[in-house]
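Per-entry structural report
Here are the chains, one letter per residue:
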2 protein chains.
Amino acid sequence: MGTRSARIVWYTAMSMDGRLATADNDLGFLDTIGDRGDAGRGEWDAFVAEIDGVIIGATTLRWLLDGGHSWPHDDLPTWLVSHDTSLPARVGPTRAPLHRVEGDLTGMLDQIEAAGLSRVWLCGGGAVAGQLLALDAVDEVIATVAPTALGNGPALFEHQNLSLPRFGLVECRPAGGDAARLVWHRRDT
Amino acid sequence: MGTRSARIVWYTAMSMDGRLATADNDLGFLDTIGDRGDAGRGEWDAFVAEIDGVIIGATTLRWLLDGGHSWPHDDLPTWLVSHDTSLPARVGPTRAPLHRVEGDLTGMLDQIEAAGLSRVWLCGGGAVAGQLLALDAVDEVIATVAPTALGNGPALFEHQNLSLPRFGLVECRPAGGDAARLVWHRRDT
(Lines give C-alpha, C1' and ligand atoms only; values in the text may rest on other atoms or scores of the structure.)
Protein backbone atom coordinates (compact mmCIF):
# COMPACT_ATOMS: atom_id res chain seq x y z
CA MET A 1 0.00 0.00 0.00
CA GLY A 2 3.07 2.21 0.05
CA THR A 3 2.04 3.78 -3.24
CA ARG A 4 -1.39 4.89 -2.06
CA SER A 5 -1.79 8.48 -0.94
CA ALA A 6 -5.11 8.21 0.93
CA ARG A 7 -4.63 7.41 4.60
CA ILE A 8 -7.13 5.06 6.23
CA VAL A 9 -7.71 5.84 9.88
CA TRP A 10 -9.37 3.37 12.25
CA TYR A 11 -10.76 5.68 14.94
CA THR A 12 -12.86 3.93 17.58
CA ALA A 13 -13.48 3.15 21.21
CA MET A 14 -12.87 -0.27 22.68
CA SER A 15 -12.96 -2.00 26.05
CA MET A 16 -9.83 -3.01 28.00
CA ASP A 17 -10.11 -6.41 26.36
CA GLY A 18 -10.18 -4.93 22.86
CA ARG A 19 -13.91 -5.37 22.16
CA LEU A 20 -16.00 -2.92 20.14
CA ALA A 21 -19.32 -4.14 21.52
CA THR A 22 -20.75 -7.20 23.22
CA ALA A 23 -21.66 -10.22 21.10
CA ASP A 24 -25.23 -8.88 20.93
CA ASN A 25 -24.05 -5.42 19.83
CA ASP A 26 -24.51 -3.65 23.15
CA LEU A 27 -22.46 -0.43 23.27
CA GLY A 28 -23.30 0.43 26.88
CA PHE A 29 -19.62 0.29 27.80
CA LEU A 30 -19.15 3.66 26.09
CA ASP A 31 -20.76 5.24 29.16
CA THR A 32 -17.68 4.29 31.19
CA ILE A 33 -15.58 6.70 29.11
CA GLY A 34 -15.43 9.91 31.09
CA ASP A 35 -16.88 13.12 29.80
CA ARG A 36 -13.95 14.95 28.30
CA GLY A 37 -16.03 18.09 28.00
CA ASP A 38 -14.97 20.69 25.47
CA ALA A 39 -11.52 19.16 25.08
CA GLY A 40 -12.99 15.83 23.98
CA ARG A 41 -15.53 17.45 21.71
CA GLY A 42 -12.87 19.68 20.18
CA GLU A 43 -10.69 16.66 19.50
CA TRP A 44 -13.51 14.82 17.76
CA ASP A 45 -14.52 17.91 15.75
CA ALA A 46 -10.90 18.34 14.66
CA PHE A 47 -10.76 14.70 13.56
CA VAL A 48 -14.00 14.88 11.58
CA ALA A 49 -12.95 18.18 9.97
CA GLU A 50 -9.93 16.44 8.46
CA ILE A 51 -11.61 13.39 6.93
CA ASP A 52 -12.89 13.40 3.38
CA GLY A 53 -14.37 9.92 3.16
CA VAL A 54 -15.77 7.10 5.31
CA ILE A 55 -15.72 3.30 5.27
CA ILE A 56 -18.42 1.52 7.26
CA GLY A 57 -19.40 -2.10 7.70
CA ALA A 58 -22.95 -3.45 7.57
CA THR A 59 -23.18 -4.21 11.31
CA THR A 60 -22.13 -0.71 12.29
CA LEU A 61 -24.49 0.93 9.82
CA ARG A 62 -27.41 -1.29 10.82
CA TRP A 63 -26.74 -0.43 14.46
CA LEU A 64 -27.08 3.27 13.60
CA LEU A 65 -30.22 2.80 11.50
CA ASP A 66 -31.85 0.44 13.99
CA GLY A 67 -31.26 3.10 16.65
CA GLY A 68 -33.26 5.58 14.60
CA HIS A 69 -30.25 7.51 13.34
CA SER A 70 -29.63 8.57 9.78
CA TRP A 71 -26.15 8.38 8.30
CA PRO A 72 -24.56 11.45 9.91
CA HIS A 73 -21.72 11.76 7.39
CA ASP A 74 -23.76 11.71 4.21
CA ASP A 75 -21.84 14.79 3.05
CA LEU A 76 -18.76 12.58 2.62
CA PRO A 77 -18.27 9.85 0.02
CA THR A 78 -18.95 6.62 1.89
CA TRP A 79 -18.06 3.03 1.17
CA LEU A 80 -20.44 0.52 2.72
CA VAL A 81 -18.96 -2.97 3.05
CA SER A 82 -21.96 -5.27 2.85
CA HIS A 83 -23.38 -8.22 0.96
CA ASP A 84 -26.85 -6.82 1.65
CA THR A 85 -27.98 -5.16 -1.58
CA SER A 86 -30.99 -3.61 0.16
CA LEU A 87 -28.99 -1.76 2.83
CA PRO A 88 -28.18 1.42 0.80
CA ALA A 89 -31.89 2.00 0.24
CA ARG A 90 -32.43 2.02 4.01
CA VAL A 91 -29.99 4.94 4.26
CA GLY A 92 -32.05 7.01 1.86
CA PRO A 93 -30.79 9.95 -0.20
CA THR A 94 -27.25 11.14 0.56
CA ARG A 95 -25.48 14.36 -0.45
CA ALA A 96 -22.27 12.52 -1.41
CA PRO A 97 -22.15 9.10 -3.11
CA LEU A 98 -22.76 5.97 -1.04
CA HIS A 99 -20.95 3.02 -2.63
CA ARG A 100 -21.74 -0.55 -1.64
CA VAL A 101 -18.80 -2.95 -1.97
CA GLU A 102 -18.34 -6.61 -1.06
CA GLY A 103 -15.71 -9.31 -1.23
CA ASP A 104 -12.08 -8.31 -1.74
CA LEU A 105 -11.62 -4.68 -0.70
CA THR A 106 -8.77 -3.91 -3.11
CA GLY A 107 -11.24 -2.43 -5.58
CA MET A 108 -12.60 -0.11 -2.87
CA LEU A 109 -9.08 1.09 -2.09
CA ASP A 110 -8.58 1.81 -5.79
CA GLN A 111 -11.84 3.80 -5.90
CA ILE A 112 -10.77 5.81 -2.84
CA GLU A 113 -7.47 6.53 -4.52
CA ALA A 114 -9.13 7.45 -7.80
CA ALA A 115 -11.41 9.85 -5.92
CA GLY A 116 -8.32 11.69 -4.75
CA LEU A 117 -9.17 11.40 -1.07
CA SER A 118 -6.51 12.05 1.55
CA ARG A 119 -7.90 10.89 4.91
CA VAL A 120 -10.62 8.28 5.21
CA TRP A 121 -12.29 7.29 8.46
CA LEU A 122 -12.88 3.61 9.01
CA CYS A 123 -15.79 3.93 11.41
CA GLY A 124 -16.40 0.20 12.00
CA GLY A 125 -16.33 -2.56 12.60
CA GLY A 126 -13.71 -5.15 13.53
CA ALA A 127 -14.30 -7.44 10.56
CA VAL A 128 -13.82 -4.65 8.00
CA ALA A 129 -10.79 -3.46 9.98
CA GLY A 130 -9.39 -6.98 9.87
CA GLN A 131 -9.87 -7.23 6.12
CA LEU A 132 -8.15 -3.89 5.57
CA LEU A 133 -5.31 -4.80 7.91
CA ALA A 134 -4.74 -8.02 5.96
CA LEU A 135 -4.35 -5.78 2.89
CA ASP A 136 -1.83 -3.65 4.83
CA ALA A 137 -4.20 -0.72 4.36
CA VAL A 138 -4.74 0.54 7.91
CA ASP A 139 -2.52 3.60 8.24
CA GLU A 140 -3.53 4.81 11.69
CA VAL A 141 -5.30 3.35 14.70
CA ILE A 142 -6.75 5.85 17.17
CA ALA A 143 -8.34 3.93 20.03
CA THR A 144 -9.94 5.19 23.20
CA VAL A 145 -9.68 2.36 25.71
CA ALA A 146 -12.58 2.28 28.16
CA PRO A 147 -11.92 1.36 31.82
CA THR A 148 -14.07 -1.74 31.68
CA ALA A 149 -14.10 -5.19 30.08
CA LEU A 150 -16.78 -6.92 28.01
CA GLY A 151 -15.55 -10.52 27.95
CA ASN A 152 -17.13 -11.23 24.57
CA GLY A 153 -17.96 -9.58 21.27
CA PRO A 154 -16.06 -8.44 18.17
CA ALA A 155 -12.59 -7.03 18.78
CA LEU A 156 -10.61 -4.17 17.23
CA PHE A 157 -9.46 -6.50 14.47
CA GLU A 158 -11.18 -9.71 13.42
CA HIS A 159 -9.30 -11.87 10.91
CA GLN A 160 -8.15 -15.46 10.67
CA ASN A 161 -4.83 -14.83 8.99
CA LEU A 162 -2.82 -11.74 9.85
CA SER A 163 0.97 -11.81 9.74
CA LEU A 164 1.91 -9.63 12.71
CA PRO A 165 1.47 -6.21 11.08
CA ARG A 166 3.72 -3.65 12.77
CA PHE A 167 2.72 -0.28 14.08
CA GLY A 168 4.61 2.55 15.73
CA LEU A 169 3.24 4.02 18.96
CA VAL A 170 2.56 7.72 18.41
CA GLU A 171 0.49 8.61 21.44
CA CYS A 172 -0.31 7.02 24.79
CA ARG A 173 -2.05 9.10 27.42
CA PRO A 174 -5.01 9.31 29.78
CA ALA A 175 -8.08 10.55 27.90
CA GLY A 176 -10.63 11.86 30.32
CA GLY A 177 -11.97 9.97 33.30
CA ASP A 178 -10.27 6.59 33.42
CA ALA A 179 -9.98 5.98 29.69
CA ALA A 180 -6.69 5.79 27.79
CA ARG A 181 -5.93 7.08 24.32
CA LEU A 182 -3.60 5.01 22.15
CA VAL A 183 -2.51 6.09 18.68
CA TRP A 184 -0.47 3.89 16.36
CA HIS A 185 0.76 4.53 12.85
CA ARG A 186 1.48 1.82 10.33
CA ARG A 187 5.17 1.06 10.02
CA ASP A 188 6.65 0.75 6.58
CA THR A 189 8.36 -2.60 6.52
CA MET B 1 -14.54 -8.91 47.46
CA GLY B 2 -14.07 -5.75 49.50
CA THR B 3 -13.36 -7.80 52.61
CA ARG B 4 -10.49 -9.78 51.09
CA SER B 5 -6.96 -8.63 51.82
CA ALA B 6 -5.09 -10.55 49.09
CA ARG B 7 -4.80 -8.54 45.89
CA ILE B 8 -5.11 -10.42 42.62
CA VAL B 9 -3.02 -8.91 39.85
CA TRP B 10 -3.57 -9.78 36.18
CA TYR B 11 -0.15 -9.02 34.68
CA THR B 12 0.19 -9.93 31.01
CA ALA B 13 1.00 -8.86 27.48
CA MET B 14 -1.65 -8.52 24.82
CA SER B 15 -1.95 -7.39 21.22
CA MET B 16 -3.58 -4.09 20.16
CA ASP B 17 -6.81 -6.02 19.73
CA GLY B 18 -6.67 -7.42 23.27
CA ARG B 19 -5.58 -10.97 22.42
CA LEU B 20 -3.25 -13.05 24.58
CA ALA B 21 -2.33 -15.46 21.78
CA THR B 22 -3.69 -16.61 18.43
CA ALA B 23 -6.47 -19.19 18.39
CA ASP B 24 -3.81 -21.90 18.02
CA ASN B 25 -1.81 -20.55 21.00
CA ASP B 26 0.94 -18.86 19.02
CA LEU B 27 2.73 -16.26 21.16
CA GLY B 28 5.00 -14.97 18.40
CA PHE B 29 3.51 -11.49 18.77
CA LEU B 30 5.55 -11.05 21.95
CA ASP B 31 8.59 -10.48 19.73
CA THR B 32 7.07 -7.16 18.62
CA ILE B 33 7.46 -5.81 22.15
CA GLY B 34 10.69 -3.88 22.17
CA ASP B 35 13.58 -4.89 24.34
CA ARG B 36 13.32 -2.70 27.38
CA GLY B 37 16.78 -3.74 28.49
CA ASP B 38 17.65 -3.45 32.15
CA ALA B 39 14.68 -1.18 32.82
CA GLY B 40 12.23 -3.81 31.59
CA ARG B 41 13.99 -6.60 33.40
CA GLY B 42 14.15 -4.56 36.61
CA GLU B 43 10.44 -3.87 36.39
CA TRP B 44 9.61 -7.55 35.98
CA ASP B 45 11.98 -8.57 38.78
CA ALA B 46 10.38 -5.99 41.06
CA PHE B 47 6.93 -7.34 40.21
CA VAL B 48 7.88 -10.96 40.85
CA ALA B 49 9.65 -10.04 44.10
CA GLU B 50 6.35 -8.71 45.46
CA ILE B 51 4.08 -11.65 44.66
CA ASP B 52 3.52 -14.45 47.13
CA GLY B 53 1.22 -16.69 45.12
CA VAL B 54 0.19 -17.53 41.55
CA ILE B 55 -3.01 -18.50 39.74
CA ILE B 56 -2.63 -20.22 36.38
CA GLY B 57 -5.06 -21.78 33.92
CA ALA B 58 -4.62 -25.12 32.22
CA THR B 59 -3.95 -23.69 28.75
CA THR B 60 -1.20 -21.41 30.01
CA LEU B 61 0.44 -24.17 32.04
CA ARG B 62 0.23 -26.68 29.20
CA TRP B 63 1.83 -24.12 26.88
CA LEU B 64 4.78 -23.87 29.28
CA LEU B 65 5.13 -27.63 29.74
CA ASP B 66 4.70 -28.37 26.04
CA GLY B 67 7.50 -25.90 25.37
CA GLY B 68 9.81 -27.92 27.58
CA HIS B 69 9.66 -25.53 30.53
CA SER B 70 9.10 -26.50 34.12
CA TRP B 71 6.90 -24.37 36.37
CA PRO B 72 9.25 -21.46 37.09
CA HIS B 73 7.42 -20.24 40.20
CA ASP B 74 7.27 -23.52 42.08
CA ASP B 75 8.59 -21.71 45.16
CA LEU B 76 5.23 -19.92 45.41
CA PRO B 77 1.91 -21.50 46.36
CA THR B 78 0.13 -21.98 43.05
CA TRP B 79 -3.51 -22.53 42.16
CA LEU B 80 -4.03 -24.38 38.90
CA VAL B 81 -7.50 -23.91 37.41
CA SER B 82 -8.13 -27.09 35.46
CA HIS B 83 -10.55 -29.97 35.09
CA ASP B 84 -7.59 -32.15 34.09
CA THR B 85 -6.72 -34.24 37.15
CA SER B 86 -3.52 -35.48 35.52
CA LEU B 87 -2.03 -32.04 34.93
CA PRO B 88 -0.41 -31.53 38.37
CA ALA B 89 1.58 -34.75 37.89
CA ARG B 90 3.03 -33.34 34.68
CA VAL B 91 4.45 -30.42 36.69
CA GLY B 92 6.33 -32.79 38.97
CA PRO B 93 7.55 -31.99 42.49
CA THR B 94 7.18 -28.38 43.63
CA ARG B 95 8.72 -26.56 46.58
CA ALA B 96 5.46 -24.84 47.51
CA PRO B 97 2.01 -26.45 47.26
CA LEU B 98 0.35 -26.76 43.86
CA HIS B 99 -3.43 -26.79 44.29
CA ARG B 100 -5.75 -27.90 41.48
CA VAL B 101 -9.16 -26.24 41.52
CA GLU B 102 -12.12 -26.35 39.15
CA GLY B 103 -15.61 -24.95 38.82
CA ASP B 104 -16.58 -21.92 40.89
CA LEU B 105 -13.43 -20.08 42.00
CA THR B 106 -14.86 -18.69 45.24
CA GLY B 107 -13.29 -21.58 47.14
CA MET B 108 -9.90 -20.79 45.66
CA LEU B 109 -10.22 -17.18 46.77
CA ASP B 110 -11.04 -18.38 50.28
CA GLN B 111 -7.95 -20.63 50.26
CA ILE B 112 -5.77 -17.73 49.14
CA GLU B 113 -7.19 -15.61 51.92
CA ALA B 114 -6.74 -18.36 54.49
CA ALA B 115 -3.11 -18.72 53.38
CA GLY B 116 -2.58 -15.09 54.37
CA LEU B 117 -1.25 -14.07 50.95
CA SER B 118 -1.06 -10.41 50.02
CA ARG B 119 -0.34 -10.20 46.28
CA VAL B 120 -1.18 -13.01 43.88
CA TRP B 121 -0.22 -13.04 40.22
CA LEU B 122 -2.83 -14.22 37.78
CA CYS B 123 -0.48 -15.38 35.05
CA GLY B 124 -3.12 -16.55 32.55
CA GLY B 125 -5.26 -16.93 30.73
CA GLY B 126 -8.28 -14.98 29.57
CA ALA B 127 -10.89 -17.53 30.66
CA VAL B 128 -9.59 -17.65 34.24
CA ALA B 129 -9.34 -13.84 34.21
CA GLY B 130 -12.94 -13.65 33.03
CA GLN B 131 -14.14 -15.97 35.80
CA LEU B 132 -12.30 -13.93 38.42
CA LEU B 133 -13.60 -10.66 37.01
CA ALA B 134 -17.15 -11.98 37.19
CA LEU B 135 -16.46 -12.58 40.91
CA ASP B 136 -15.20 -8.98 41.19
CA ALA B 137 -11.84 -10.41 42.25
CA VAL B 138 -9.40 -8.80 39.81
CA ASP B 139 -7.76 -5.99 41.77
CA GLU B 140 -5.17 -4.82 39.24
CA VAL B 141 -4.62 -5.20 35.52
CA ILE B 142 -1.09 -4.55 34.27
CA ALA B 143 -1.05 -4.96 30.50
CA THR B 144 1.75 -4.42 28.04
CA VAL B 145 0.08 -3.71 24.71
CA ALA B 146 2.12 -4.94 21.74
CA PRO B 147 2.24 -2.83 18.54
CA THR B 148 0.58 -5.50 16.44
CA ALA B 149 -2.79 -7.21 16.03
CA LEU B 150 -3.70 -10.90 15.99
CA GLY B 151 -7.26 -10.84 14.67
CA ASN B 152 -8.24 -14.00 16.54
CA GLY B 153 -7.55 -15.87 19.76
CA PRO B 154 -8.46 -15.50 23.44
CA ALA B 155 -8.66 -11.95 24.77
CA LEU B 156 -7.68 -10.32 28.06
CA PHE B 157 -11.03 -11.32 29.53
CA GLU B 158 -13.27 -14.10 28.25
CA HIS B 159 -16.71 -14.32 29.82
CA GLN B 160 -20.29 -14.41 28.63
CA ASN B 161 -21.81 -12.33 31.38
CA LEU B 162 -19.86 -9.44 32.85
CA SER B 163 -21.66 -6.36 34.13
CA LEU B 164 -19.31 -3.55 33.10
CA PRO B 165 -16.79 -3.83 35.96
CA ARG B 166 -15.14 -0.44 36.58
CA PHE B 167 -11.44 0.24 36.84
CA GLY B 168 -9.41 3.35 37.51
CA LEU B 169 -6.54 4.17 35.16
CA VAL B 170 -3.34 4.30 37.21
CA GLU B 171 -0.67 4.30 34.52
CA CYS B 172 -0.56 4.86 30.77
CA ARG B 173 2.81 5.25 29.10
CA PRO B 174 5.08 3.98 26.33
CA ALA B 175 6.89 0.83 27.46
CA GLY B 176 9.93 0.25 25.33
CA GLY B 177 9.91 0.10 21.55
CA ASP B 178 6.37 0.69 20.35
CA ALA B 179 4.54 -1.06 23.16
CA ALA B 180 2.27 0.69 25.66
CA ARG B 181 1.88 -0.03 29.35
CA LEU B 182 -1.59 0.30 30.85
CA VAL B 183 -2.32 -0.21 34.54
CA TRP B 184 -5.81 -0.23 35.98
CA HIS B 185 -6.96 -0.77 39.56
CA ARG B 186 -10.36 -2.11 40.49
CA ARG B 187 -12.76 0.61 41.58
CA ASP B 188 -14.78 0.04 44.71
CA THR B 189 -18.38 0.55 43.69
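Reference entry: report on the structure contained in this document. (Residues numbered from 1 in each chain as written. Chains lettered and ligands numbered in written order. Predicted model: local features only at pLDDT ≥ 70, side-chain atom pairs only at ≥ 80, totals over all residues. Heavy atoms only, no water.)

Glycine aside, negative phi is the norm for most residues, and most peptide bonds take the trans geometry. All names here are of chain A. The linkage connecting glycine 124 with the following residue, glycine 125, adopts the cis geometry, with an omega of -5 degrees. A positive phi angle, close to 60 degrees, is found at aspartate 136, a residue other than glycine. Tracing the chain through its elements places aspartate 136 in the loop between α5 (126-134) and β6 (140-145). Aspartate 136 gets classed as partly exposed once you look at its relative accessible area, which sits at 30%. (Helix = DSSP H or I, 4+ residues; strand = E, 2+ residues; numbered from the N terminus. Buried < 20%, exposed > 50% of the residue type's maximum accessible area, 1.4 Å probe, protein only.)

Moving on: the pairing of strand β2 (residues 53-57) of chain A. Residues and elements named next belong to chain A. In terms of burial, β2 is largely enclosed, as 5 of its 5 residues are buried. Relative to strand β5 (residues 119-122), β2 is paired through 3 bridges, and the arrangement is parallel. Bridging from a neighbouring strand, valine 54 pairs with tryptophan 121 of β5. Following the backbone out of β2, through helix α2 (residues 58-66) and into the adjacent parallel strand β3 (residues 78-81), one traces a crossover that is right-handed. (Pairing = 2+ DSSP bridges. Right-handed = clockwise from strand over helix to strand, strands pointing away.)

All names here are of chain B. Across the sheet, which stays open at both edges, the 8 strands sit in the order β4-β3-β2-β5-β1-β6-β8-β7 with mixed pairing between neighbours. Of all strands in the sheet, those with a lone pairing partner are β4 (98-101) and β7 (167-174), marking the two edges. This sheet shows a mean twist of 20 degrees between the axes of neighbouring strands, independent of strand direction. Across the sheet, helix α2 (residues 58-66) touches β2 (53-57) and β3 (78-81), and the angle it forms with β2 is around 90 degrees. Across the sheet, helix α4 (residues 106-114) lies against β1 (7-14), β2, β3, β4 and β5 (119-122), angled at about 175 degrees from β3, the strand it touches most. (Axes fitted to C-alpha atoms, helices over the stretch in contact; angles between N-to-C directions. Contact = heavy atoms within 4.5 Å.)

Just geometry here; none of it tells us what the structure is for.
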